[in-house]
Amino acid sequence: MPHRHDPVLVRIGETDVPVVTANTVVVGTGSAGFCAADRLWELGQDDVVMVADKVNAGASRNAGSDKQTYYKLTLSGGDGDSVREMAQTLFAGGAMDGDNALAEAALSARGFLRLCDLGVPFPQNRYGEFIGYKTDHDPRRRATSVGPYTSRTMVERLEAKVHRNGTRVFDECRVVDLVTVPADGGGRAVVGLLVLRTDVRHDGEQSPFLLFRCTNVVYATGGPAGMYATRVFPHGQWGASGAAYRAGVHGKNLTEWQFGLASTHPRWNVSGTYMQVIPRFVSTDADGGDEREFLTEAIGDYGRLLSLVFLKGYQWPFDVRKARDGSSLVDLLVYRETVLRGRRVFLDFRRNPMRDELDPAALSPEARDYLERAGVLFGTPVQRLRRMNEPAYQFYLRKNPYVDLETDLLEVDVCAQHNNGGLVVDAWWESNVRGLFPVGEAGGAHGVYRPGGAALNSGQVGATRAAQMIVARRTDPPVALDRYAAAAAPVQAAATGLVAAAAGRAADGWDEDTGDLLRRVQELMSAKAGPVRSEKSIHEALDQVHAWLAEYERTVSADPSSRRSVNRVFLVRDTLTAAYVYLSAMADYVAHGGRSRGSVLYSDPAGELPRVGYGPRSDDELDLPEVFRFRLDEGALDDEVQEAAWRPPTAAGSSSPAEPGEGWRGVVRRAPDDPAGEPVLRWRPRRPLPEDDDFFENVWREFRDHGNVH
């Protein structure tokens, strides 16, 4: 039977292209995307379709840790907690807008209990209390977990509900570009998007492109994971932020990434128990020879070394505040081995650090008490691991390439794990482009620091808020077909022309270079703009990415008979665009006086090196590379938010429809017709925590009038 969301051929410019029409298109099938689709349906909007690059890929479904955390309001015990206090915890992370913080706190219980009702088995006691534990940057015990795959379980339960709702999902669709038109009152409004159908052969039988015509787009594409080579993001998680910047969507806090220790084969965070059992850290040369226990070069005291490794369990993210004389010194020493020395680093669970036998007396009281209560003050790291957390051991045994921690070394590095920044959002998770709602990691709702597990809560809250706004205020039908066709025609023509030009070069004998270029930009970002950056390294990377992007459309080559090759034409352009904007934000941050904060060390010749941290020479600087010399931000920019935009190239004397407006400036002057366009930036005060009237009669009256959705 025909489905109301079946594609219909429409004449777009000079080409017949299939078009799907719906009120809302949800792009992305992670926990935030499925939540948005389900919330829309529950609130009465069933004119919804979903679009995915690959339904079974993505971070929500494939990422985790030994105990993946979900952060929510305290729902057990006698400890005091409140919406306001949780909002203040989030807001205190720095550079976070207060309305987002308050919404994430206010809706956390609602989102969490909804997941419980859908079957996510968060643990509760016999009286129904959802018991919590402390996580990083958490003054209470708001964290909970269902084990290594909390987010996967969320996705599976939400996906099942969306399928029961009957919402149609279009799989194997690469986002190419968003389609926008001038909005009433100024700015731009989204009216659809163009995708490449990666399951369709480019043989002329059917169009490899598919257009969507809609009133709203919920953009749940994840962060721009493809920018970094050294990353724990799962294979198949790329993001589509570049397309959003090309459409005029602004970015926010793009400098703020979270990095941490993770295994590289497979990609998995080595947090929690993996560190608390105190494995041995060793490095080798590229071929696996010349093994040495390298932490002892900077941490000569046996007890201090053990205790710092232990602390990495629940101080897992690299935190530059703990790099001076705390547990994040371990991350820097790993970075020195892999990036600066070109060596490989492994965790060895077969042997204890420095000595054959563990000496509990040398541990800090905190570490000794924890391990004693766990009953593991004995044996080797793997014996302690299997006693404390057998599933953590079994995970590597069952995951390709099947590492047995009883016998094998586990390769690790300091990896990009999460982007706290992202596309700009307001209190309802709507961007500056009307009708576009970035949710999950695509949306820049976080600040510099965030409690562990806050991202999972944020995804559910943002999706709920977006659905509420869409159902209450954005139910108009999509724009008329003729207006839509006029807006989509140049987008479609540009995409078709890019593929045709790339195919022509391949036919002329040019080497297909998309795979190599993707690898080079990722390696550049990891080397120059990862957890350790400098003004010099950022500008070196920015110059190179600008050069690649400026020449991309006139040099890219692709085999038109290969769906993978054509797919990469758009993937690489998206990655380059995102990297260009992100590097410009980093350069602007330094120019604005920004110093080391969050999960990033900005090298500073006027700063200090990490300290010895113990004994009579506690305040002495360690003998470490000068790139580790830094000064802390100390919260100087906590009340400011950096925003970024991409200004597209224009012919001399003309203006672009996606101009960001007044008050923006670039970090490197570009010609108006520069093929790479120009990233521009600005700083603004962050929005404060709202102080709304909480008198019940007033709230009730407004709720009756408009549901308080405004």
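Residues numbered from 1 in each chain as written. Predicted model: local features only at pLDDT ≥ 70, side-chain atom pairs only at ≥ 80, totals over all residues. Heavy atoms only, no water.

Phe-212, Tyr-219, Tyr-274, Phe-281 and Leu-405 are the most contacted members of the largest nonpolar core, which has 160 residues in total. In terms of residue count, helix α18 (residues 563-591) provides more of this core than any other element does, 16 residues in total. Residues contacting Leu-405, with those up to four places away along its chain left out, are Tyr-274, Phe-349, Arg-350, Val-382, Leu-385, Tyr-393, Tyr-396 and Leu-410. Core analysis: the second largest hydrophobic core is formed by 40 residues, Ala-36, Ala-220, Val-439 and Val-709 among them. (Core = buried A, V, L, I, M, F, W, Y, C linked by side-chain atoms within 4.5 Å. Buried < 20%, exposed > 50% of the residue type's maximum accessible area, 1.4 Å probe, protein only. Helix = DSSP H or I, 4+ residues; strand = E, 2+ residues; numbered from the N terminus. Contact = heavy atoms within 4.5 Å.)

Attention shifts here to the packing of aromatic side chains. Applying the stated rule across the entire model yields 23 aromatic pairs. When the ring of Phe-112 is compared with that of Phe-122, the centres are 4.6 Å apart and the planes differ by 45 degrees; the resulting orientation is tilted. Of this pair, Phe-112 sits in helix α5 (residues 108-118) while Phe-122 sits in the loop between α5 and β6 (143-144), and the two are 10 residues apart along the sequence. Given a relative accessible area of 4%, Phe-122 falls into the buried group. An angle of 85 degrees between the planes, with centres 6.4 Å apart, marks the rings of Phe-281 and Phe-294 as edge-to-face. (Phe/Tyr/Trp six-rings, centres within 6.5 Å; stacked < 30°, edge-to-face > 60°.)

Before going further, it helps to examine helix α9 (residues 302-311). Within α9, 10 of the 10 residues are buried, leaving the element largely enclosed by the surrounding structure. Of the positions making up α9, those classed as buried are Tyr-302, Gly-303, Arg-304, Leu-305, Leu-306, Ser-307, Leu-308, Val-309, Phe-310 and Leu-311. Summarising the contacts, the buried residues of α9 are in contact with α8 (273-276), β15 (280-284), α10 (329-340) and α11 (365-373). Of the residues that open α9, the one with a side-chain oxygen 3.3 Å from the backbone nitrogen of Gly-303 is Asp-301. (Polar contact = N/O pair within 3.5 Å; in protein donor to acceptor, adjacent residues only side chain to side chain.)

Consecutive side chains of a regular strand alternate in pointing toward one face of the sheet and then the other. Strand β9 (residues 188-197) sits mainly inside the fold: 10 of its 10 residues count as buried. Looking at chain direction, strand β8 (residues 173-182) and β9 are connected through 9 bridges and run antiparallel. Along β9, the bridge assignment pairs Arg-174 with Leu-196. Counting the residues in the hairpin turn of β8 and β9 gives 5 residues, including Gly-185, whose phi is positive at 90 degrees. Inspection of the sheet shows β9 paired to strand β10 (residues 209-213) by 5 bridges, in the antiparallel sense. Directly across from Leu-194, in β10, lies its bridge partner Leu-211. (Pairing = 2+ DSSP bridges.)

Right, let's get into the sheet that holds strand β19 (residues 436-438). With parallel pairing, 5 strands are arranged side by side in an open sheet as β7-β4-β3-β11-β19. Bordering the open sheet on either side are β7 (168-170) and β19, each of which pairs with just one other strand. Pairwise comparison of adjacent strand axes, ignoring direction, gives a mean angle of 20 degrees for this sheet. Pairing analysis gives 4 bridges linking strand β3 (residues 24-27) to strand β4 (residues 48-51), with the strands arranged parallel. Bridge pairing links Thr-24 to Val-48 in β4. Sheet strands touched by helix α14 (residues 454-473): β3, β11 (216-219) and β19. Its angle to β19, the strand with the most contacts, is close to 165 degrees. (Axes fitted to C-alpha atoms, helices over the stretch in contact; angles between N-to-C directions.)

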